[in-house]
Amino acid sequence: MGPIGENELFFILQGLKWTVLLAVIGFIGGGVFGILIALARTSKHRFARLASSGYIALFQGTPLLMQLFVVYYGVALLGIDVNAWVAVAIAFTLHASAFLGEIWRGSIEAVPKGQTEAANALGLHYVSRMKDVVLPQALKISMPATIGFLVQLIKGTSLAAIVGFIELTRAGQIISNQTYRPLLVFGIVGIIYFMICWPLSHVGSGLEKRMAKAAR
């Protein structure tokens, strides 16, 4: 069995860097498209509602692993040469947009209807009504669920290794194969995941409890 030295730990931390970067890109990109999907889901236009519902059903009803395969190999079939980084970034953005879109759709619908009626009475058009009245309240309502999804997204980045992307879990696997110390290596990897995810989960739970008290 080989030792776990500075080089091995540095390689694992390099994997952590890509895990965090992938999660951030997926979350931000998914957030941008997620807002559009949420607005489409709550639109008065039937086609927009049906199209966005189908999009959400597709990505929520299929495994993330399959989505990674389809994006990675599907883009190649179109004659477009993309590396693993671009493929997984696209896949995670699409995946996150569907889940965040549905989370924010529920939050938009949870905003008291009196707020929308008051905005209409003031003569605000749709964009101003959503931007200044509905969305700020909806995003506040959605914070616990949004943070909970971010935690799941961070853990889900481990699946990116299937298409050759070296993130935290894959880096741990490589070091484990080199040192023959799987328990120690994956113990370190697990601790790193815990140090990232537990504080976020704690913040999400705190926000949820605070909002529950405020609603009483």
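Calculation rules
All residue numbers refer to positions counted from 1 along the written sequence of the respective chain. Reporting of local features is limited, given that this is a predicted model, to residues whose pLDDT is at least 70; pairs of side-chain atoms are given and counted only at 80 or more, and all residues count toward the totals for whole chains, interfaces and linings. Water and hydrogen atoms play no part in the side-chain values, which are based on all heavy atoms of the structure. UniProt positions are given in the numbering used here, feature names are shortened, and annotations may be inferred rather than shown by experiment. Labels follow the DSSP assignment, with helices taken as runs of H or I lasting at least four residues and strands as runs of E lasting at least two, numbered in each case from the N terminus. Pairs of N or O atoms are called polar contacts if they sit within 3.5 Å, as long as, within protein, a hydrogen donor faces a hydrogen acceptor (for residues adjacent in sequence, only side-chain-to-side-chain pairs). Throughout, a contact is declared for two residues whenever any of their heavy atoms are within 4.5 Å. Buriedness for pockets is judged along seven lines, at least five of which must meet protein on both sides within 12 Å for an open set on the 1 Å grid over protein atoms alone, while cavities are sets there where a 1.4 Å probe fits but cannot get out, and lining residues have an atom within 4 Å of a point. Grid points are joined across faces, edges and corners, and a volume is the space filled by probe spheres set on the points. The criterion is simple. A nonpolar core is a set of buried Ala, Val, Leu, Ile, Met, Phe, Trp, Tyr and Cys residues joined through side-chain atoms within 4.5 Å. Each residue's exposure class comes from its accessible area (1.4 Å probe, protein chains only) as a fraction of the maximum for that residue type: buried when under 20%, exposed when over 50%, partly exposed otherwise.

1. What to know about the UniProt feature "transmembrane region" (unreviewed entry) in the protein chain
The residues that UniProt annotates with the feature "transmembrane region" (unreviewed entry) are residues 20-40, 52-76, 82-104 and 183-201. What you have in residues 82-104 is 91% helix and 0% strand, and the ends, taken at the C-alpha atoms, are 31 Å apart.

2. Concerning the side chain of serine 142
Within the fold, serine 142 resides in helix H6 (residues 126-156). Of the polar contacts made by the side chain of serine 142, one reaches the backbone oxygen of leucine 139; its length is 2.9 Å. When residues no more than four places from it in sequence are discounted, the contact partners of serine 142 are Ile103, Trp104 and Ser107.

3. Concerning unusual backbone geometry
The phi angle at tyrosine 180 is positive, at roughly 60°, despite the residue not being glycine. Tracing the backbone shows tyrosine 180 in the loop between helix H7 (168-179) and helix H8 (182-215).

4. Observations regarding the layout of surface pockets
Taken as a whole, the largest pocket encloses approximately 460 Å³ of empty space. Contributing to the lining of the largest pocket are 14 residues, with Thr42, Thr116, Tyr126, Arg129 and Met130 lying nearest its centre. At the level of secondary structure, the elements contributing two or more residues to the lining of the largest pocket comprise helix H4 (84-110), helix H5 (113-121) and H6. Tallying contributions element by element places H6 first for the lining of the largest pocket, with four residues.

5. Some words on the nonpolar core
Side chains of nonpolar character tend, in soluble globular proteins, to be buried together. With 29 residues, the main nonpolar core has Val88, Phe92 and Ile108 as its most contacted residues. Listing elements by their share of this core, those giving two or more residues are helix H1 (6-41), helix H3 (64-77), H4 and H6. Element by element, the count of residues in this core is highest for H4, at ten residues. Setting aside residues no more than four positions away along its own chain, valine 88 makes contact with Leu22, Leu68, Ala160, Val163 and Phe165. In this structure, Leu168, Ile175, Ile192 and Tyr193 belong to the second largest nonpolar core, which totals 13 residues.

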